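A look at the structure
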Amino acid sequence: EDQVTQSPEALRLQEGESSSLNCSYTVSGLRGLFWYRQDPGKGPEFLFTLYSAGEEKEKERLKATLTKKESFLHITAPKPEDSATYLCAVQESGGGADGLTFGKGTHLIIQP
Amino acid sequence: GAGVSQSPSNKVTEKGKDVELRCDPISGHTALYWYRQRLGQGLEFLIYFQGNSAPDKSGLPSDRFSAERTGESVSTLTIQRTQQEDSAVYLCASRMGGGGETQYFGPGTRLLVL
């Protein structure tokens, strides 16, 4: 059973067209939820860490929010350079593996 | 300072051969992770090192996979008797430790097993 599910798998937007990416997660206890951006042929680039429900973080045109079941990455007035795959990952609390559990990502294309 | 670096960036090998992948973490980062990213799949956790503690090997898919780390510096991931299903991007990440949670990733090594 997937612990982290991202939707949609792919999203094509026009430049300036705002939208949201979803990350649903199932863990017994959340230590942290992470958003990364990955460009083709490169490693994931850190964007945000969220720790508790209600928390929000912003960076330029991106805003990440967190509830007890899911996180949203809102992108406002996107530009073509925002095109990338956006990855969501969770880290469980209470022992166990320290590694992150990733979703499969949302492939975002912003058309000029 | 510099970010996480990995070498080689690309590796092509024949089925049955052994390969070694290298990771240089960010200076001062005590925690180091290896992940695998297969085409169309999410990143999969492989192994975790924290300081001088015993590594967490819970994500290694088989006994053909092993990893070492010298102190708090370089790590090598070794895959013995490679199989075609080992073809993937192998990513290394490091974390500061001491409460710092964010993992910073290297560019990855793209492994193709023919």
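Below, the structure is looked at part by part. All residue numbers refer to position in the chain's written sequence, counted from 1. By the order in which they are written, chains take letters starting at A while ligands take numbers starting at 1. Reporting of local features is limited, given that this is a predicted model, to residues whose pLDDT is at least 70; pairs of side-chain atoms are given and counted only at 80 or more, and all residues count toward the totals for whole chains, interfaces and linings. Side-chain calculation: all heavy atoms of the structure are included, whereas hydrogens and water are not.

Quick word on the pairing of strand β6 (residues 65-69) of chain B
All names here are of chain B. Side chains F65, A67 and R69 project from β6 onto a buried face, and the interleaved S66 and E68 project onto a face without burial. By the bridge criterion, five bridges tie β6 to strand β7 (residues 75-79) in an arrangement that is antiparallel. Looking at the pairing, S66 lines up with T78 of β7. Between buried and exposed lies partly exposed: a residue is buried under 20% and exposed over 50% of the maximum accessible area for its type, with that area taken using a 1.4 Å probe on protein chains only. The numbering of helices and of strands both runs from the N terminus, where a helix is a DSSP run of H or I of at least 4 residues and a strand a run of E of at least 2. Any two strands with at least two DSSP bridges between them are considered paired.

What about the packing of aromatic side chains?
Pairing of aromatic rings covers Phe, Tyr and the six-membered ring of Trp, with a centre-to-centre limit of 6.5 Å; geometry is then stacked below 30 degrees between planes, edge-to-face above 60, and tilted otherwise. Applying the stated rule across the entire model yields 10 aromatic pairs over all chains. Considering the side-chain rings of F102 of chain A and Y35 of chain B, the 5.7 Å spacing of their centres and the 85° angle between planes classify their relative orientation as edge-to-face. Separated into two different chains, F102 of chain A in strand β10 (residues 101-102) and Y35 of chain B in strand β4 (residues 31-37) make up a pair that spans both. Each member of the pair, F102 of chain A as well as Y35 of chain B, is classed as buried. Members of the aromatic cluster, connected to one another through ring pairs, are Y36, F46 and F102 of chain A together with Y33, Y35, F45, Y48, Y104 and F105 of chain B.

Focus: the interface of chain A and chain B
Contacts: residue pairs with any heavy atoms within 4.5 Å of one another. Facing the 21 residues of chain A at the interface are 21 residues of chain B. Carbon and sulfur atoms make up 52% of the surface buried where chain A meets chain B, a total of about 1500 Å² over both sides. We count a salt bridge whenever a side-chain nitrogen from Lys or Arg sits within 4 Å of a carboxyl oxygen from Asp or Glu. Salt-bridge contacts for E101 of chain B lead to R31 of chain A; the nearest nitrogen and oxygen are separated by 3.3 Å. Polar contact is the term for a pair of N or O atoms within 3.5 Å; when the atoms are in protein, one must be able to donate a hydrogen and the other to accept it, and sequence-neighboring residues count only if both atoms are side-chain atoms. Counting across the interface, chain A meets chain B through six residue pairs in polar contact (both at pLDDT 80 or more). Of all the elements in the fold, those that place two or more residues in the side of chain A that touches chain B are β4 (30-38), β5 (45-50) and β9 (84-92) of chain A. Per-element accounting of the side of chain A that touches chain B gives the leading share, four residues, to β4 of chain A. Three categories are distinguished: nonpolar for Ala, Val, Leu, Ile, Met, Phe, Trp, Tyr, Cys and Pro, charged for Asp, Glu, Lys and Arg, and polar for the others, with Gly belonging to the last. Here the residues of the side of chain A that touches chain B sort into nine nonpolar, eight polar and four charged. The term buried area refers to how much accessible surface (probe radius 1.4 Å) is lost by two components on association, counted for both of them together.

A few points about the sheet that holds strand β6 (residues 56-59) of chain A
Residues and elements named next belong to chain A. Taken in spatial order, the five strands line up as β1-β3-β8-β7-β6 in an open sheet, and their pairing is antiparallel. Each edge of the open sheet carries a strand with a single partner, namely β1 (4-7) and β6. The average undirected angle you get between the axes of adjacent strands in this sheet is 15°. Across five bridges, strand β7 (residues 62-66) lies against strand β8 (residues 70-75) in antiparallel orientation. What sits directly across from T65, in β8, is F72. Fitted lines through C-alpha atoms serve as axes, helices being fitted only where they are in contact, and the angles separating the N-to-C directions of these axes extend from 0 to 180 degrees.

A look at the side chain of Q6 of chain B
Residue and element names in this part refer to chain B. Topologically, Q6 is positioned in strand β1 (residues 5-7). Of the polar contacts made by the side chain of Q6, one reaches the backbone oxygen of Y90; its length is 2.9 Å. One polar contact links the side chain of Q6 to the main-chain amide nitrogen of G108, over a distance of 3.0 Å. Not counting chain neighbours up to four residues away, the residues in contact with Q6 comprise R22, C23, W34, Y90, L91, C92, G106, P107, G108 and T109.

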